[in-house]
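So you can see what is in the structure, the chains are spelled out below.
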Amino acid sequence: MARARLRSSFEIMIQFAPSRAAGLAQLDDFAPRAAGDYARTRNFDTGGHTNVSRLSPWLRHGLLTETEVITAAVRHHGPDLPEKFVTEVAWRLYFKGWLELRPGIWTAYKAERQAAWNDVQTQSGLRQRWEQACTGQTGIACFDHWAAELAQTGYLHNHARMWFASIWIFTLGLPWTLGADLFLRHLLDGDAASNTLSWRWVGGLHTQGKTYVATAENIARYTDGRFNPRDLAQVAPALDGPPLPAPRPCPVSDPFAPSRRSGLLLTDETLYPDPLLDRVLLPVTTATLQASAARSHLLVSDRVTQFSRAAITDCTTRLAGRLGPVTACTDTQTVVDWASAAQLEQVVMHHVPTGPAADMLAGLKEALAAQGIALSQQMRPIDQLAWPSATAGFFKFKRVLPDILAQAKFENLS
Ligand SMILES: Cc1cc2nc3c(=O)[nH]c(=O)nc-3n(C[C@H](O)[C@H](O)[C@H](O)COP(=O)(O)OP(=O)(O)OC[C@H]3O[C@@H](n4cnc5c(N)ncnc54)[C@H](O)[C@@H]3O)c2cc1C
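Residues numbered from 1 in each chain as written. Predicted model: local features only at pLDDT ≥ 70, side-chain atom pairs only at ≥ 80, totals over all residues. Heavy atoms only, no water.

### Notes on the overall build of the protein chain
The line we're drawing: Put simply, DSSP marks the helices as runs of H or I at least four residues long and the strands as runs of E at least two long, and each gets a number from the N terminus on. Accessible area is worked out with a 1.4 Å probe on protein chains only. A residue is then buried under 20% of its type maximum, exposed over 50%, and partly exposed in between. Two residue types count as positive, namely Lys and Arg, and two as negative, namely Asp and Glu; His and chain ends fall outside the count. Taken as the charge centre is NZ of Lys, CZ of Arg, CG of Asp or CD of Glu, depending on the residue.
When helices and strands are tallied, the protein chain shows 21 helices and 5 strands. On the principal axes, the C-alpha backbone points of the protein chain span a range of 65 × 55 × 45 Å. Counting every position in the protein chain, which comprises 414 residues, the buried fraction comes to 54%. In the protein chain, the 40 positive side-chain charges and the 38 negative ones have mean positions that sit 2 Å from each other.

If you want it as structure tokens, here you go:
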């Protein structure tokens, strides 16, 4: 009964409407609180989450851009006061860039997840512990609460994500990849870069040797005493992993020929193609790719599937007059079929970051080329500015952040 009450209250607390208009409204509402209030209270998970922006589902699907949300905060408060908020948004840019420079980390994650999943299927004790953790029946009240909140809302506060991941790995002794997978299946903002690298960070694989330990005191303090867990692991030895790979060069935009007969390909990573359309592109037709199912080898939550689907529809409806006829594609072959049927000379799209959409479109360039069709992937300018600096730790990245933002502002980038 108590659990049922909790669950329905989650539903009331958080509404994420999958449209750009809803994201802009959320940004409008939050921007006045993006400076001192945010810096003072952002670490508290008191349930309602009004102390943080909750913009992540819109940022994840590219319905809003990082430049837009930073600009809104700076417009309200000036360049210095929302420093904490800007830094958090910069973590997103950093993680995206870091993974893009080392795509092998995503490949290794998927292989390790598969190995852990094989163990779950063959070891009944492990399977039982994994099921209890996923369904919030571990007996650790705070952990079980967050598992229910995740399933019921598709969102968790940042601090709850840190505590949850730490308890998953060090107290429950479960494989980190299966925790990351649980998050990807349920978080509306589930993102290959931010999620994989945050879990690796908690486990001591990102900042190698340095782990994050969830303590009862910290949880009690930052949940306003709602939880006071006992029996959490006191030590958190770093997980074993190979040395970090060296970064590859950052991708750059492909050449683009405006005179060619072009089609636009949209994925659920980047649903604000307006700058591309404004600057270079008059598509005769548009294709869409929903990649939410490829987040996991298991079934992704209905909430995530519906959010992604509706976010794509929002984009194609909003820009209906500029896209030509729209076709839903499901993989590389259906994209090639669409482009061939429309007699395209060129398919244009935003660069697809390492993750599920890029997995679904593996080999696209070569498959289109075999039909005499060029693929032109365009980097978002903010990514082109930020990603090359994601070569090492965040603090090195943060040092060059003011330059990146100054240039982004100067060039009025989205
Ligand atoms: C184990 C773990 C898993 C995570 N998985 C994801 C994920 O799949 N997708 C995701 O977007 N974030 C993830 N995060 C980062 C962070 O928790 C969320 O971005 C944040 O809680 C989203 O809520 P918000 O929009 O209210 O954040 P706010 O505090 O309002 O921050 C504003 C924006 O900045 C970005 N941001 C804030 N903190 C971080 C951070 N630590 N790392 C990267 N970006 C950040 C987000 O885009 C966020 O919307 C994870 C963190 C941890 C510890």
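### Digging into the side chain of H206
Note the threshold: N or O atoms within 3.5 Å of each other form a polar contact, as long as, within protein, one can give a hydrogen and the other can take it, and as long as residues adjacent in sequence are counted only when both atoms are side-chain atoms. Two residues form a contact once any of their heavy atoms are found within 4.5 Å.
Assignment of secondary structure puts H206 in the loop between α12 (192–202) and α13 (216–222). Since its relative accessible area comes to 8%, H206 is described here as buried. Separated by 3.2 Å, the side chains of H206 and Y94 make a polar contact. H206 has contacts with Y94, F95, W98, L197, R200, W201 and L244, leaving out every residue within four places of it along the chain.

### Overview of the UniProt feature "domain: Cryptochrome/DNA photolyase FAD-binding" (unreviewed entry) in the protein chain
The test is simple: UniProt positions are given in the numbering used here, feature names are shortened, and annotations may be inferred rather than shown by experiment.
Within the UniProt annotation, "domain: Cryptochrome/DNA photolyase FAD-binding" (unreviewed entry) is assigned to residues 85–214. Taken end to end, residues 85–214 is 74% helix and 0% strand, and its first and last C-alpha atoms sit 23 Å apart.

### So, the packing of aromatic side chains
Note the cut-off: Under the pairing criterion, centres of Phe, Tyr and Trp rings, with the six-membered ring standing for Trp, must be within 6.5 Å; the plane angle then separates stacked pairs below 30 degrees from edge-to-face pairs above 60, leaving the rest tilted. Counting as a charge over the ring demands two things of the Lys NZ or Arg CZ atom: a distance within 6 Å of the ring centre and an angle within 35 degrees of the ring normal.
In this structure the tally under the stated criterion is 25 aromatic pairs. Each ring, one from W91 and one from F394, has its centre 3.9 Å from the other, and the planes form 10°; the classification is stacked. Linking W91 in helix α6 (residues 83–101) with F394 in helix α21 (residues 394–410), this pair joins segments that are 303 residues apart in sequence. Note on F394: relative accessible area 4%, which makes it buried. What links up through ring pairs into an aromatic cluster is the set W91, Y94, F95, F394, F395 and F397. Above the ring of W98, the side-chain terminus of R102 is found at 4.0 Å from the ring centroid. Here the basic side chain of R161 rests over the ring of Y155, its NZ or CZ set 5.5 Å away from the ring centre.

### Remarks on the site of the ligand
Which entries qualify depends on this criterion: Near is defined per residue: the residue qualifies when any heavy atom it owns lies within 4 Å of the molecule or strand. Accessible surface is estimated by sampling points in the Shrake-Rupley manner with a 1.4 Å probe; for residues, cover comes only from the protein chains shown.
The full set close to the ligand counts 28 residues, and Y38, S53, R54, Y155 and N158 are the nearest of them. For the ligand, an oxygen atom lies 2.5 Å from a polar atom in the side chain of Y38. A distance of 3.5 Å separates an oxygen atom of the ligand from a polar atom in the side chain of R161. Relative to its free-state accessible area of 820 Å², the ligand is covered by the protein chains to the extent of 97%. Counting only elements with at least two residues in the shell around the ligand, the list comes to α4 (56–60), α6, α10 (158–171) and α12.

### Considerations on the domain arrangement of the protein chain
Quick note on the threshold: Segment limits for the domains were obtained from an automatic or database-derived domain assignment. Buried surface area refers to the total accessible area, computed with a probe of radius 1.4 Å, that the two partners give up upon joining, counted for both partners together. Each reported salt bridge corresponds to a side-chain nitrogen of Lys or Arg within 4 Å of a carboxyl oxygen of Asp or Glu.
Each assigned domain of the protein chain is listed with its residue range as follows: domain 1 (16–101 + 386–410), domain 2 (109–222) and domain 3 (262–378). For domain 2 and domain 3, the distance between their C-alpha centres works out to 31 Å. Each side of the interface is counted separately: domain 2 has 18 residues, and domain 3 has 15 residues. Carbon and sulfur atoms make up 53% of the surface buried where domain 2 meets domain 3, a total of about 1300 Å² over both sides. Summed over the shared surface of domain 2 and domain 3, the number is 1 salt bridge.

### What about the pairing of strand β2 (residues 285–289)?
Stated formally: Handedness of a crossover is defined as follows: orient the strands so they point away from the viewer, and if the path from the first strand over the helix to the second runs clockwise, the crossover is right-handed. For two strands to be treated as a pair, DSSP must find at least two bridges joining them.
Counting buried positions over the 5 residues of β2 gives 5, a clear majority of the element. Here β2 shows two buried faces, one formed by T285, A287 and L289 and the other by T286 and T288. Once you follow strand β1 (residues 262–267) into helix α14 (residues 274–279) and on to β2, the crossover reads as right-handed. Pairing between β2 and strand β3 (residues 326–329): 4 bridges, direction parallel. Bridge assignment links L289 to a residue of β3, and that residue is C329.

### Observations regarding the pattern of salt bridges
According to the stated counting rule, one finds 22 salt bridges in the structure shown. As a salt-bridge pair, R92 and E66 come within 2.9 Å of each other at their nearest N and O atoms. In this pair, R92 is assigned in helix α6 and E66 in helix α5 (residues 66–77), connecting sequence segments 26 residues apart. For the pair R92 and E66, a shared accessibility class is recorded, and that class is buried. The salt bridge partner of K110 is D359, with a shortest N-O separation of 2.8 Å. Placement of the pair is K110 in helix α7 (residues 104–122) and D359 in helix α18 (residues 356–360), with a sequence separation of 249 residues. For D359, a relative accessible area of 30% corresponds to the partly exposed category. Through salt bridges that share partners, R60, K96, D191 and E269 make up one connected network.

### Details of α7
Selection criterion: In this scheme, a helix's expected span is set at 1.5 Å multiplied by one less than its residue total. In this description, one arc is meant: the one made by directions from the helix axis to the C-beta atoms.
Spanning 19 residues, α7 covers 27 Å between terminal C-alpha atoms, matching the ideal 27 Å at 1.5 Å per step. When α7 is considered as a whole, its buried residues turn out to be I105, W106, Y109, R113, A116, W117 and V120. The buried residues of α7 occupy one face: seen down the axis, they fall within an arc of 110°. In this structure, the buried residues of α7 make contact with α6, α8 (124–134), α11 (176–186), α12 and α18.

### So, the environment of G47
Relative to the elements of secondary structure, G47 occurs in the loop between α3 (36–41) and α4. Since its relative accessible area comes to 9%, G47 is described here as buried. When the C-alpha positions of G47 and A392 are compared, they lie 34 Å apart, and in sequence the two are 345 residues distant.

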